[in-house]
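Now for the letters of each chain:
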Amino acid sequence: MKLLEGYSPPQDVFNQPTYHFGEYFVLNYFKKAQWSGYRFYALGEWEPNNPKVLEGREKIKEMFTIQKLEEFRRQRVLSGHAAGQGEPDLFLYMESGPTLFLEVKKGGDRVSPAQLTCLAQIKAILEADVGIVYLAKYGQKYKPKTYELNLETFEGCLHVSPEEKSNISNVSV
């Protein structure tokens, strides 16, 4: 199986193929669109001895100022997510400057409150673009969801239109 043209997927893909496939599928898609990126990275100082995150962590330090990274880390601690909980699956960048963090979902996966908090913190503090990608099987009907991020409180929620609310008894993320 070759998910990234010109690259050999890490052993994780073979150890847990259903868990990692989606992330590498999306990473490959963006690489074809001239983005570079990482599945493993760390926005903070967590996992200091994990060799998988070292290259991505170094690129993060190149792409964002130390002031922004320190403020991001401070907010992660204040929100109770200092050890990387909720960080998006992918960190993508272009050498020309744009950055993008993506959470990848498939099947019955749902976006957690910790993930929405992290996306809001990234957008507000690091001023990077963020997104959620949902992979659907070919032919599967899927209704896209809209999430609202409060960039002052760093909270996020699933946005449900008034028409949808009348059809849904319990909305959760």
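Our subject is the structure that appears above.
All values derive from a computational prediction rather than experimental measurement. (Residues numbered from 1 in each chain as written. Predicted model: local features only at pLDDT ≥ 70, side-chain atom pairs only at ≥ 80, totals over all residues. Heavy atoms only, no water.)

**Examining the side chain of R76**
To keep it simple, the criterion reads: Helix and strand definitions follow DSSP, with helices as H or I runs of at least four residues and strands as E runs of at least two, each counted in order from the N terminus. Only protein chains enter the accessibility calculation, which uses a 1.4 Å probe; a residue is then buried when its area is under 20% of its type maximum, exposed when over 50%, and partly exposed in between. We treat Lys and Arg as the positive residues and Asp and Glu as the negative residues; His and chain ends play no part in the count. The working definition used for a salt bridge is a side-chain nitrogen of Lys or Arg within 4 Å of a carboxyl oxygen of Asp or Glu.
Examined against the element boundaries, R76 turns out to sit in helix α4 (residues 66–78). Buried within the structure, R76 lacks any salt-bridge partner; its nearest side chain of opposite charge belongs to E87, at an N-O separation of 5.4 Å.

**Let's talk about the sheet that holds strand β2 (residues 90–93)**
Defined as follows: What makes two strands pair is DSSP finding at least two bridges between them. Where helices are involved, their axes are fitted lines through C-alpha atoms of the stretch in contact, as for all axes, and angles between N-to-C directions lie from 0 to 180°. Throughout, a contact is declared for two residues whenever any of their heavy atoms are within 4.5 Å.
With mixed pairing, the four strands of this open sheet are ordered in space as β1-β2-β3-β4. Each of the sheet's edge strands pairs with one partner strand only, and the pair in question is β1 (36–38) and β4 (129–135). Direction aside, the axes of adjacent strands within the sheet are offset by 25 degrees on average. Relative to β2, β1 runs antiparallel, the two being bridged by three bridges. Directly across from Y38, in β2, lies its bridge partner F91. Contacts from helix α3 (residues 54–63) reach β1, β2 and β3 (99–106), with the element oriented near 45 degrees to β2. Across the sheet, helix α5 (residues 113–126) is in contact with β3 and β4; its angle to β4 comes to roughly 145 degrees.

**Structural notes on the pairing of β4**
The cut-off we apply is this: Call a crossover right-handed when, viewed with both strands pointing away from you, the route from the first strand across the helix to the second goes clockwise.
When β3 meets β4, the two strands line up parallel, connected through seven bridges. By the bridge assignment for β4, L102 is matched with G131. In this fold, β3 hands off to α5, which returns the chain to β4; that crossover is right-handed.

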